[in-house]
Amino acid sequence: MTRLADALARKILVLDGAMGTMIQAAGLGAADFGGERYEGCNEHLNVTRPDVIRDIHAAYLDAGADVVSTNTFGCAPYVLAEYGLADRAHALCLGAARLARQAAGERFVVGAMGPSTRSITVTRNVTLDEVAAAYEVQAAGLLDGGVDALLLETAQDTLNLKAAALGVRRAQSAARRTDVPLMVSATIEPMGTMLAGQGVEALYVSLQHLGLFSIGLNCATGPEFMTDHLRSLAAIATCWTSVYPNAGLPDERGQYGETPQSLALKLARFVDEHWVNFVGGCCGTTPEHIRAIARLVAGKAPRVPAAAEPQAVSGIEVLYPNDDNRPVFVGERTNVIGSRKFKELVVADRFEDAAEIGRAQVRASAQVLDVCLANPDRDEAADMDRFMRELTRRVKVPLMIDSTDGAVLELALRHCQGKAIVNSINLEDGEERFERVAPLLRAYGAAVVVGCIDENKQQGMAVSRQRKLAIAERSHELLTRKYGIPARDLIFDPLVFPVGTGDANYVGSAVETIEGLRAIKARFPECKTILGISNVSFGLPPAGREVLNGVFLYHCTKAGLDYAIINTERLERYPSIPEEERRLAEDLLENRGGDPVAAFAAHFRDRVKTVVPRDTLPLDERLARYIVEGSRDGLLEDLDAKLREAAPLEIINGPLMRGMDEVGRLFNDNQLIVAEVLQSAEAMKAAVAHLEPHMEKADSATRGVIVLATVKGDVHDIGKNLVEIIFGNNGYRVINLGIKVPPEDLIAAYRTHKPDAFGLSGLLVKSAQQMVVTAQDLKAAGVEIPLFVGGAALTRKFTATRIAAEYGGLTLYAKDAMDGLDLANQLFSAVTRE
Ligand code: B1M
């Protein structure tokens, strides 16, 4: 363990405070900076007025800082170039590190490197190589000056961080100082993400490959707005965490509002909840702030890092594939081999339109996009470069880079802020591809698809379950032990073969794939699996393909499939497949009967879809069926018919909700996929929108103002929107904050709208937990208005024992929207408020 790690295991370490504002306060003139030309270049003071910088370090150390950071925030050569000092970057870093070292004695020095003035993703005015080179120079100077750790701080763009880390690693190798830890501190803007779009979880996952020493937050807002982000980081990070906020948000005159005492008071929660290992101050903080922080943390127990790395991938957003959300759908249309339309757009150089295909797939619920530009008639690398430039502006989901060419893979990875997936490597040519791709995974951070193929010339692609498992075992051993790839980043592809082409080699292969998958999952529970589903039906009539794909997917999902490469728009809903067709598909997959291929093909060659005509069903059943099938064809006419015999709310709570419950049941049983549930949700929304004008509206004065929100991490909004309508029709003014609402947005809404109550909605089990956290944050912000909570995963008991226990005001569980309204009416009498 390094000396620094040893200290962190024992106590919370105090970082120093602001450098820039302290320099400002020193009242320096042009001469101090070395002449007018350099005025404002704080880093130049390291050589022109080292005494000033040393005094600032000394003041912080005297106040109780355990760690001081070097005066090198703006030492990237292209930043120093503004003063004509580009070639002095190394010297200024070296001087700064020596100064801090002299001042710190036995205490610690971190070499600070700011974000620079350029961003690869946001302003696009710098390249990855330029950033890497700039940080290599800075890190080299800081290492030569003897720092204990290197810190990339105030980060706003994860791609800059990845590039900077490449430079830092080069400098460390050159100086033979790979033992010096790397720390990262990001800046989350008031909108809840870094400037380039990632939130803290995506950031952490995107940097997992760096084996960071610490990760944390600084600058931007004051401490309050950091609460939720810091809590999330503290929960997932296996490394140490840090926080050093500004002394509040600067006002219009640039003044910071937090006094030493008020800042320490706000940081107290972070310390008491064990979210931090380093605490300090950023802009506007002074030695007095640090003195108060040192007093605050004295004797307090440090945070214990998380036990296990999260298993996740990321784009701008993070994705945790797990048992609740598998299989994750990988869109296959941004692939020149899989989509003719995409290929044609690329050939026509219409890259913006080609990238729109990616966006459309995400709208159609793809959670990852497979990207393949391998057209033998074109320059794959150039196409990949142009396409990635457009795609990364348009989608937030993780990307799967599909190429056999290592150079193309690297080029694509250089566009990814997030942790992408490389598709794929295998042992077809022995370890050659492992050797080529593993360094890319380590340099840029990515998970990898490992195909069950080896160098065996006769039977390279594994067909039997035994060979699939044997190749997976060999690949796992090599990749984790020899090539240093963590097991959590391996995604095994047991391979899918067409069962309907008559090729004798693949007869019965679907069952082998399903069983091979099951065996790999059992052997390597820490790894994931993936299949290209549509391959199974290659060569069959189109209508039959959709059915076979649907049935095969269902069985693979039951066997534990994690990722499915598929066109979600071309998939037959499993529950809607007639019994007879399911049987034909299963016969073919399992190779049952005399000639299952012929029977299947004959049925679908001239198939007329047999659907029970809706109008033969009773009206209520028809209404429920629209929801189950996600269809709107005839829905509005039938709703009008039903309106003649029932009130709108009875229709919603009756047949429509029965349909939704059935959707939930089928979904739970893997018979429906997310894309299909989404269509059901759209049908439900259309029905509610149609019924809304027919609902009775109470002609009352405003009873109160309610702020409604679906909690952070949850996208379900049908119930919440229904609550909005019902409350709105009954005398309440409703402010609907939407979905995935973090606690700080609720607190901000409380201050802006001064509501009488909050209504929180959440349907996932984790949302119930999120409500507890939200209640804690509301309480910490001094909010005490009544809090209504509702949603499928909640119970009255959980509300009373877990949520109410954490909240400062009245907490009420609403079973449904009408129950919520009754409770609200009991609380608020009809007084005019406006
Ligand atoms: Co999801 N989903 N879903 N889903 N989904 C459930 C909730 C689930 C139970 C399905 C299942 O497995 N059987 C399950 C949760 C399991 C769990 O957590 N243990 C689940 C899952 C797993 C998921 C995903 C993880 C799936 C995946 O990605 N593979 C994913 C999660 C995404 C996320 O949130 N991060 C996901 C996604 C989706 C869709 C996007 C596809 C879609 C939502 C679309 C949308 O809302 N715009 C969807 C749907 C539709 C459902 C089901 C089928 C239906 C939900 C619904 O709309 N119910 C649902 C299963 C089910 O509940 N049967 C399911 C109707 C609605 C009117 O009821 O919201 O409960 P409800 O609201 C009621 C009351 O609760 C109350 O009044 C409302 C009206 O009477 N109420 C309040 C609610 N909030 C209130 C606030 C108040 C007062 C009353 O304040 C005053």
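A brief report on the enclosed structure follows. Since this is a predicted model, take the numbers as computed values, not measurements. (Residues numbered from 1 in each chain as written. Predicted model: local features only at pLDDT ≥ 70, side-chain atom pairs only at ≥ 80, totals over all residues. Heavy atoms only, no water.)

Before going further, it helps to examine a nonpolar patch on the surface. Residues Val122, Met191 and Leu195 make up a contiguous nonpolar surface patch of roughly 280 Å² in combined accessible area. Following the sequence through the fold, Met191 ends up in the loop between strand E5 (182-186) and helix H9 (200-206). Exposure remark for Met191: the relative accessible area of 55% places this residue in the exposed category. (Patch = residues over 30% accessible without salt bridge, like charges linked within 9 Å, V, L, I, M, F, W, Y side chains within 5 Å. Areas by Shrake-Rupley, 256 points an atom, 1.4 Å probe, with all protein chains shown as cover. Salt bridge = Lys/Arg side-chain N within 4 Å of Asp/Glu carboxyl O. Helix = DSSP H or I, 4+ residues; strand = E, 2+ residues; numbered from the N terminus. Buried < 20%, exposed > 50% of the residue type's maximum accessible area, 1.4 Å probe, protein only.)

This paragraph deals with the packing of helix H14 (residues 351-363) against helix H15 (residues 380-394). With their axes 9 Å apart at the nearest point, H14 and H15 run at an angle of 50° to one another. The angle between the axes of H14 and H15 places the two elements in the oblique class. The hand of the H14/H15 crossing is right-handed. Along the contact surface, H14 presents Phe351, Glu352, Ala354, Ala355, Glu356, Gly358 and Arg359, while H15 presents Asp383, Arg386, Phe387, Glu390, Leu391 and Arg394. (Axes fitted to C-alpha atoms, helices over the stretch in contact; angles between N-to-C directions. Parallel < 35°, antiparallel > 145°, perpendicular 65-115°, else oblique. Left-handed = near helix turned anticlockwise from the far one by under 90°. Contact = heavy atoms within 4.5 Å.)

Attention now goes to the packing of helix H23 (residues 619-629) against helix H25 (residues 648-668). Contact geometry of H23 with H25 gives a least axis separation of 8 Å together with a crossing angle of 45°. Considering their axes alone, H23 and H25 lie oblique with respect to each other. By crossing handedness, the relation of H23 to H25 is classed as right-handed. Between H23 and H25, the contacting residues are Asp620, Leu623, Ala624, Ile627 and Val628 on the first element and Ile651, Pro655, Leu656, Arg658, Gly659, Met660, Glu662, Val663 and Leu666 on the second. In terms of residue class, the contact of H23 with H25 is built from ten nonpolar, one polar and three charged. (Nonpolar A, V, L, I, M, F, W, Y, C, P; charged D, E, K, R; others polar.)

Our focus in this paragraph is the packing of aromatic side chains. Within this structure, the stated rule accounts for ten aromatic pairs. With 6.5 Å between their ring centres and 40° between their planes, Tyr750 and Phe758 make a pair best called tilted. Overall, the relative accessible area of 0% leaves Phe758 in the buried class. The rings of Phe727, Tyr732 and Phe828 are connected pair by pair, giving a single aromatic cluster. Taking the ring centre of Tyr574 as reference, the NZ or CZ of Arg582 above it sits at 4.2 Å. (Phe/Tyr/Trp six-rings, centres within 6.5 Å; stacked < 30°, edge-to-face > 60°. Lys NZ or Arg CZ within 6 Å of the ring centre and 35° of its normal.)

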